[in-house]
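Residue strings, one per chain:
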Amino acid sequence: MDASLRPQAPGSPAAPVAPGPAHHLIELSGVARRYRVGESIVSALERVDLAIEEGEFIVVLGPSGSGKTTLLNLIGALDSPTEGRIVVGGRDITGASRAELSAFRRRGVSFIFQTFNLFPGLSALENVQFGADVADRPGRDPHAPARMLERVGLGSRMAHFPHELSGGEQQRVAIARALATGNPVMLADEPTGELDFTTGVQILELLHDQTHTSGTAVLIVTHNREISRVADRVIELSSGRIVRDGAPSGGRVPVSDLRW
Ligand code: ADP
Ligand code: MG
């Protein structure tokens, strides 16, 4: 984990001179994202206030067009807000330089996509190795990528290329690649969208495990309300606004209880 992205305890050497409350992992305050389309302004997100903590398993729920992908892209520094502030590990990244944002993308967040987005010419192991290479943490263990593949149940598939793997296996490689970065936040945009039910449940189980075993904060975007039942926390978007943020109604259920 990158210490600069962790919440700092007041009084630690890197803490501000006047100790304030401990920092959140990522905090958005008063965030809006608007697009100009011809003469009109399209509002993708408005008045978003949100703090993400270590180890949280968050489902971002909302219909198509409600602003889910926009929110994920802002948290991952792939996009900048029109208004408001985004603070990472106590540092405001809203006015950060392109170089600082690039460093944050390498060591702050990792992405998992609906369509897996593996490199077709690289083996499973090389794809995971790529994740570790991008983050390039000092003193990293060269055997970690192989261990990550074992952890997602693909120890016997290391030399396979993406086209030799099923959809569920490819998504597990993508998760191993995201984990191999060692980044504290994992962002997943509809990661089960292309998968059948049984495989989708396996993927959710795997992502949920990471919050406990690695302390990774996982944000899953979905329009499937059923998936939100397994979250610690559900953030619901409607027309670019957060309309709900809290535990799932009816309480959290185990992944094995899901039906869709
Ligand atoms: P979701 O992921 O929930 O389907 P998005 O975040 O992709 O929603 O989009 C939210 C709203 O912002 C939609 O109305 C969409 O049309 C609009 N939007 C997204 N990106 C752009 C863009 N580059 N230009 C104009 N409008 C956009
Ligand atoms: Mg989307």
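As shown above, the structure is provided for reference.
Because the structure is a prediction, the values reported are computed rather than measured.

Rules used throughout
- Along each chain, residues carry numbers from 1 onward, in the same order as the chain's sequence is written.
- To label them, take the chains in the order written and letter them from A, then take the ligands in the order written and number them from 1.
- Residue-level local features of this predicted model are given only where pLDDT is at least 70; pairs of side-chain atoms are given and counted only at 80 or more, and the full residue set underlies all totals for whole chains, interfaces and linings.
- Only DSSP runs of H or I reaching four residues or more are called helices, and only runs of E reaching two or more are called strands; each is numbered from the N terminus.
- Throughout, the radius of gyration refers to the C-alpha atoms, and the reference size of a globule is 2.2 Å times the residue count to the power 0.38.
- Residue burial is a threshold on neighbouring C-beta atoms within 10 Å of the residue's own C-beta, all placed from the backbone, with 20 or more meaning buried, 12 or fewer meaning exposed, and counts in between meaning partly exposed.
- Once C-beta atoms are placed from the backbone, any two residues with those atoms within 7 Å are in contact.
- For each residue, a C-beta atom is placed from the backbone, and the residue counts as near a molecule or strand when that atom lies within 6 Å of it.
- Here the nonpolar group is Ala, Val, Leu, Ile, Met, Phe, Trp, Tyr, Cys and Pro; Asp, Glu, Lys and Arg are the charged ones; every other residue, Gly included, is treated as polar.
- Strands qualify as paired when DSSP identifies two bridges or more between them.
- Angles here are taken between N-to-C directions and fall from 0 to 180 degrees, while the axes themselves are lines fitted to C-alpha atoms, restricted in helices to the stretch in contact.
- Throughout, the term roughly parallel applies to angles under 35 degrees, roughly antiparallel to angles over 145, roughly perpendicular to angles from 65 to 115, and oblique to all others.
- Each crossing gets its handedness from the near helix: less than a right angle anticlockwise from the far helix is left-handed, clockwise is right-handed.
- Throughout, right-handed denotes a crossover for which the path from the first strand over the helix to the second runs clockwise when the strands point away from the viewer.

Peer 1: Residue-level account of the overall build of the protein chain, with values.
Peer 2: Scanning the protein chain from N- to C-terminus turns up 6 helices and 10 strands. Compactness check: the protein chain gives a C-alpha radius of gyration of 18 Å against a globular reference of 18 Å for 260 residues, within 12% of the reference. In terms of overall dimensions, the protein chain has a C-alpha envelope of 50 × 45 × 40 Å along the principal axes. Relative to its 260 residues, the protein chain shows a buried fraction of 37%. Considering only contacts in the protein chain between residues 6 or more positions apart, those separated by 24 or more positions represent 70%.

Peer 1: How would you sum up the environment of Q114? Please name residues and give values.
Peer 2: Considering the arrangement of structural elements, one finds Q114 in the loop between strand 6 (109-112) and helix 3 (124-135). Residue Q114 is classed as partly exposed on the basis of its C-beta count, with 16 C-beta atoms lying within 10 Å. In contact with Q114, not counting residues within four places along its chain, are D189, E190, P191, G193 and E194.

Peer 1: Which residues make up the site of ligand 1, and what values go with them?
Peer 2: In the vicinity of ligand 1, the residues found are Y35, V37, V42, A44, G62, S64, G65, S66, G67, K68, T69 and T70. Of all elements in the fold, only strand 1 (26-37), strand 2 (40-52) and helix 1 (68-75) reach the threshold of two or more residues within the shell around ligand 1. If one sorts the elements of the shell around ligand 1 by residue count, helix 1 sits on top with 3 residues. Split into classes, the residues belonging to the shell around ligand 1 amount to 4 nonpolar, 7 polar and 1 charged.

Peer 1: Any chance you could break down the sheet that holds strand 4 (residues 83-88) for me, citing the residues and the numbers?
Peer 2: Taken in spatial order, the 4 strands line up as 2-1-4-5 in an open sheet, and their pairing is antiparallel. The outermost strands of the open sheet, each flanked by one partner alone, are strand 2 and strand 5 (91-92). Two strands pair when backbone bridges link them, and strand 4 and strand 5 are joined in this way by 2 bridges, in the antiparallel orientation. Along strand 5, the bridge assignment pairs V87 with D92.

Peer 1: Report on the sheet that holds strand 3 (residues 57-61), specifying residues and quantitative values.
Peer 2: Strand order in this open sheet of 6 strands is 6-7-8-3-9-10, and the pairing throughout is mixed. The strands lining the two open edges of the sheet, one partner per strand, are strand 6 and strand 10 (241-246). Ignoring strand direction, the axes of neighbouring strands in this sheet form an average angle of 20 degrees. As judged from the 5 bridges shared by strand 9 (residues 233-238) and strand 10, these two strands associate in the antiparallel manner. Residue pairing across strands places I235 opposite D245, the latter belonging to strand 10. The strands that helix 5 (residues 167-180) touches are strand 6 and strand 7 (185-189); relative to strand 6, the one it contacts most, it runs at about 175 degrees.

Peer 1: Before we move on, can you summarise the packing of helix 5 against helix 6 (residues 197-213) with the specific residues and values?
Peer 2: At their nearest, the axes of helix 5 and helix 6 sit 10 Å apart, and the two run at 15 degrees to each other. Comparing their axes, helix 6 and helix 5 come out roughly parallel. The handedness of the crossing between helix 5 and helix 6 is right-handed. On helix 6, the residues that touch G167, G168, Q171, R172, I175 and L179 of helix 5 are T199, Q202, I203, L206, L207 and Q210. Among the residues making up the contact of helix 5 with helix 6, the classes are represented as 5 nonpolar, 6 polar and 1 charged.

Peer 1: Go over the pairing of strand 7, please, and point to the residues and values.
Peer 2: Most of strand 7 sits inside the fold, with 5 of its 5 residues counted as buried. Burial of strand 7 is two-sided: the residues V185, L187 and D189 facing one way and the residues M186 and A188 facing the other way are all buried. One ladder, built from 4 bridges, connects strand 6 with strand 7; its direction is parallel. In the sheet register, I112 faces strand 7, and the bridge partner there is A188. Two elements, strand 7 and strand 8 (residues 217-222), share 5 bridges in a ladder whose sense is parallel. Paired with A188 across the strands is I220, a residue of strand 8. Viewed along the sheet, the connection from strand 7 through helix 6 into strand 8 turns out right-handed.

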